[in-house]
Structure formats: C-alpha cells, structure tokens
Amino acid sequence: METPSTLFTGILGAFIVSTGAMVLIPHSQLSGLQPQVVWEENQNAPSDVYPSKIEHSLGQRHGQRIFVENGCFYCHTQQIRDPQFGPDVERGWGPRRSVARDYIYQDTPLLGATRLGPDLANYGWRDSEGKRFWRNEQPKEAEQIVRDEAFIYKHLFNPRARISNSNCPSNPALFEQREIGSGVSPNAVKVENGKQWVPTASARNLAAYLLSLDRSHELKEAPVAKKEAKK
Ligand code: HEC
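Residues numbered from 1 in each chain as written. Predicted model: local features only at pLDDT ≥ 70, side-chain atom pairs only at ≥ 80, totals over all residues. Heavy atoms only, no water.

## Concerning the overall build of the chain
Phase 1: The helix and strand tally for the chain stands at four helices and three strands.
Phase 2: Tracing the chain from N to C terminus, the helices and strands come up as α-α-α-β-β-β-α.
Phase 3: With 231 residues in all, the chain has 36% of them scored as buried.
Phase 4: Across the chain, every contact between residues at least 6 apart in sequence was considered, and the portion connecting residues at least 24 apart equals 63%.
Phase 5: With an accessible surface of roughly 14,500 Å², the chain has 57% of that area assigned to carbon and sulfur atoms. (Helix = DSSP H or I, 4+ residues; strand = E, 2+ residues; numbered from the N terminus. Buried < 20%, exposed > 50% of the residue type's maximum accessible area, 1.4 Å probe, protein only. Contact = heavy atoms within 4.5 Å. Areas by Shrake-Rupley, 256 points an atom, 1.4 Å probe, with all protein chains shown as cover.)

## Focus on the coordination of the iron atom of the ligand
Phase 1: The iron atom of the ligand binds to the protein through His76 (NE2) and Cys168 (SG), with metal-donor distances spanning 2.0 to 2.2 Å.
Phase 2: Angles of 87 to 179° at the metal separate the six donor atoms of the iron atom of the ligand, which places the site in the octahedral class. On the criterion of sequence distance, the pair formed by His76 in the loop between α2 (58-69) and α3 (149-157) and Cys168 in the loop between α3 and β1 (175-179) is long-range, its members being 92 residues apart.
Phase 3: For His76, a relative accessible area of 12% puts it in the buried group. (Donors = N, O, S within 2.8 Å, 3.2 Å for Na, K, Ca; no water. Tetrahedral: all angles 85-135°; square planar, octahedral: opposite > 155°, others 65-115°.)

## Points about the packing of aromatic side chains
The description of an aromatic ring pair rests on the distance of the ring centres and on the angle between the ring planes.
Phase 1: As enumerated under the stated definition, the model contains five aromatic pairs in all.
Phase 2: Between Tyr153 and Phe175 the ring centres are 6.4 Å apart and the planes differ by 85°, which places this aromatic pair in the edge-to-face class. Here Tyr153 is found in helix α3, whereas its partner Phe175 is found in strand β1, with 22 residues between them in sequence. Comparing Tyr153 with Phe175, the two get one shared label, buried.
Phase 3: By way of ring pairs, the aromatic residues Tyr153, Phe157 and Phe175 are connected into one cluster. (Phe/Tyr/Trp six-rings, centres within 6.5 Å; stacked < 30°, edge-to-face > 60°.)

## Observations concerning the site of the ligand
Phase 1: Surveying the vicinity of the ligand reveals 23 residues, the closest of which are Cys72, Cys75, His76, Ser166 and Cys168.
Phase 2: Taking Tyr123, its side chain carries an N or O atom lying 2.5 Å from an oxygen atom of the ligand.
Phase 3: Side-chain polar atom of Arg147 to an oxygen atom of the ligand: 2.5 Å apart, as the coordinates give it.
Phase 4: Top element by residues in the shell around the ligand is α3. It accounts for three residues.
Phase 5: Its residues assigned to classes, the shell around the ligand comprises 12 nonpolar, eight polar and three charged. (Near = heavy atom within 4 Å. Polar contact = N/O pair within 3.5 Å; in protein donor to acceptor, adjacent residues only side chain to side chain. Nonpolar A, V, L, I, M, F, W, Y, C, P; charged D, E, K, R; others polar.)

## A few points about the sheet that holds β1
Phase 1: Strand order in the open sheet made by the three strands is β1-β3-β2, with antiparallel pairing throughout. Bordering the open sheet on either side are β1 and β2 (190-192), each of which pairs with just one other strand. Averaged over neighbouring strand pairs, the angle between their axes works out to 30° when direction is ignored.
Phase 2: In terms of strand pairing, β2 meets strand β3 (residues 195-199) through three bridges, oriented antiparallel. Looking at the pairing, Glu192 lines up with Lys195 of β3. (Pairing = 2+ DSSP bridges. Axes fitted to C-alpha atoms, helices over the stretch in contact; angles between N-to-C directions.)

## Structural notes on the pattern of salt bridges
Phase 1: Throughout the structure, instances matching the rule amount to 10 salt bridges.
Phase 2: One salt bridge in this structure joins Arg91 and Asp88, with 3.9 Å as the shortest N-O distance.
Phase 3: Salt bridges sharing partners connect three or more residues here, namely Arg81, Asp88, Arg91, Arg115 and Asp119. (Salt bridge = Lys/Arg side-chain N within 4 Å of Asp/Glu carboxyl O.)

## Here we look at the pairing of β3
Within a regular beta strand, the side chains point alternately toward one face of the sheet and then the other, so they alternate between its two faces.
Phase 1: Counting buried positions along β3 gives four out of five residues, so the element sits mostly inside the fold.
Phase 2: Where β2 folds back on β3, the antiparallel hairpin that results is connected by two residues, among which Asn193 adopts a positive phi of roughly 45°.

## A few points about the confidence of the model for the chain
Phase 1: Overall, the prediction assigns the chain a mean pLDDT of 85, with 85% of residues at 70 or greater.
Phase 2: Low pLDDT, under 50, characterises residues 47-51; the predicted model gives this stretch 13 contacts beyond four residues in sequence or across chains. (pLDDT = per-residue confidence, 0-100.)

## Digging into the nonpolar core
Phase 1: Counting 28 residues, the largest nonpolar core has Phe67, Ile152, Leu206 and Leu210 as the members making the most contacts within it.
Phase 2: Residues within four places of Ile152 in sequence aside, it is in contact with Tyr123, Ala207, Leu210 and Leu211. (Core = buried A, V, L, I, M, F, W, Y, C linked by side-chain atoms within 4.5 Å.)

If you want it as structure tokens, here you go:
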C-alpha cells in the first residue's frame, strides 16, 4: 500500500523530470541560436533576400489576423510541396517549393494542416509585367480570371456565385450595408433597394493580405521549377 507521501514524491518527480527534458534542456541547447544571414550569389546585401520577400504592412497584418480569426487556415495551406511529392507547382499555386526561409520572422507562419481549398502561399504572385499569375488555369489569356481586390470581395461575400458547389464559407459579416449616395462603389458586392453592400476595413485588409502573399522569388535552396510562360 503506497503512502500519500510516496505518491506525492512520484508526481513531483515526474513533473521535475519532464520539465527538465522538455523545457530546460532544449532551452540550454537552443536559446543561444542566432539567425543565420544567408548571402546569395549576385546579391550585394543580405537584406535583398532576407528575411523574406513578404513584409506585411500594418493593414496586411490586420488582414492576417482576420484570416486567422475566420479559420481560413483550416482549409487553406501556405506551403508548396516539392514537385517530386505533389502537383502543387503544376496546379499553378507557385513556381517553386516552400522552404523554411519563406516563413522566417513571420509572427504567425500559417503553413496550415489540411487542404480543403487551394494553397494560398502565392495568391498575390505576379509576373514581371505585374500580371497576376496564381492558378491561371485558363489557357487563353482572354479567359484568365483577374484575381484582384474586387474579385476577392465577390468571392468572400458568396463563393458559390462563381463555383456553385464551393465549400468556401461566405463571410457576409465582412461587408456592411450603405446608402448608395453618390454612386455604387466599384467594390460593392450586392446592390438592392437603394442599398449597397461594401467591404468593411477588415475585408479590405484581408484582401490586401491575400494579395501580399508572394513567395515566387528564387532561392538558392529552392530553384524556380516553373518559369514564367513565354510571351
Ligand atoms: C471549409 C473550408 C474552407 C474555409 C474555412 C475557407 N475556405 Fe476558401 N476555399 C475553400 C475551397 C474548397 C475553395 C475552392 C473553391 C472556390 O474557389 O470557391 C476555396 C477557395 C478560396 C479562394 C480562391 C478563390 C480563387 O479562385 O481565386 C480564396 C482566395 C479563399 N478561398 C479565401 C478564403 C478566406 C479568406 C477564408 C477565410 C475567411 C476561407 N477561404 C475559408 C474552402 C475553404
């Protein structure tokens, strides 16, 4: 029969051993690590490529918070798999696989775990002429969808307007009703009975965040697998 003090010593012992193994030892091994500055060939300053191309403005950071608060990351990853392991590049989600450096210094790296919707790691990907590139699956240029701000608002308000069986949830709370007043806003998603539904500041920041996502630049450890289409 165990006495209460043996039980107590056992619990305390387990607590001390696990704190040591999971907190103190890793802390002593890893806390002194300094960020590594990577110099690329043909770069004259590390800041050209480091920390990462994505540096969010204040509005875009707020947009990232809206992305998290609305659970967008439950269905949308932000990580492109190596072409050897999956068809992400082929699908037009990005020109190269994602690597650790893509997330460095990001407050909240949103790699995601499940993919019910497309990966958004490069949603704002543009070619050298500023044309949007992400998942332009339409072969004919005239039929390509322009994924600009107005497109994003329409999608957020009602994804099923374009794809009837889309699983992406609608987010009417990101829009507010206004009098039409001096004219219908180019970003209005619905006009009815003299009223228009326009994006709130949260929706505008969310759109800015989505359009800021662009990890298409080449890195030494992740060469661009898919070059821009020949003009
Ligand atoms: C339940 C899973 C789910 C959640 C949660 C979700 N989505 Fe989606 N999303 C999808 C699916 C599936 C698609 C593909 C079908 C489509 O395009 O509508 C998609 C497509 C998209 C697209 C691509 C549209 C295009 O073709 O350009 C964007 C952008 C997007 N979602 C943004 C969001 C944002 C922002 C949120 C959070 C407010 C969100 N999604 C939450 C499932 C989800």
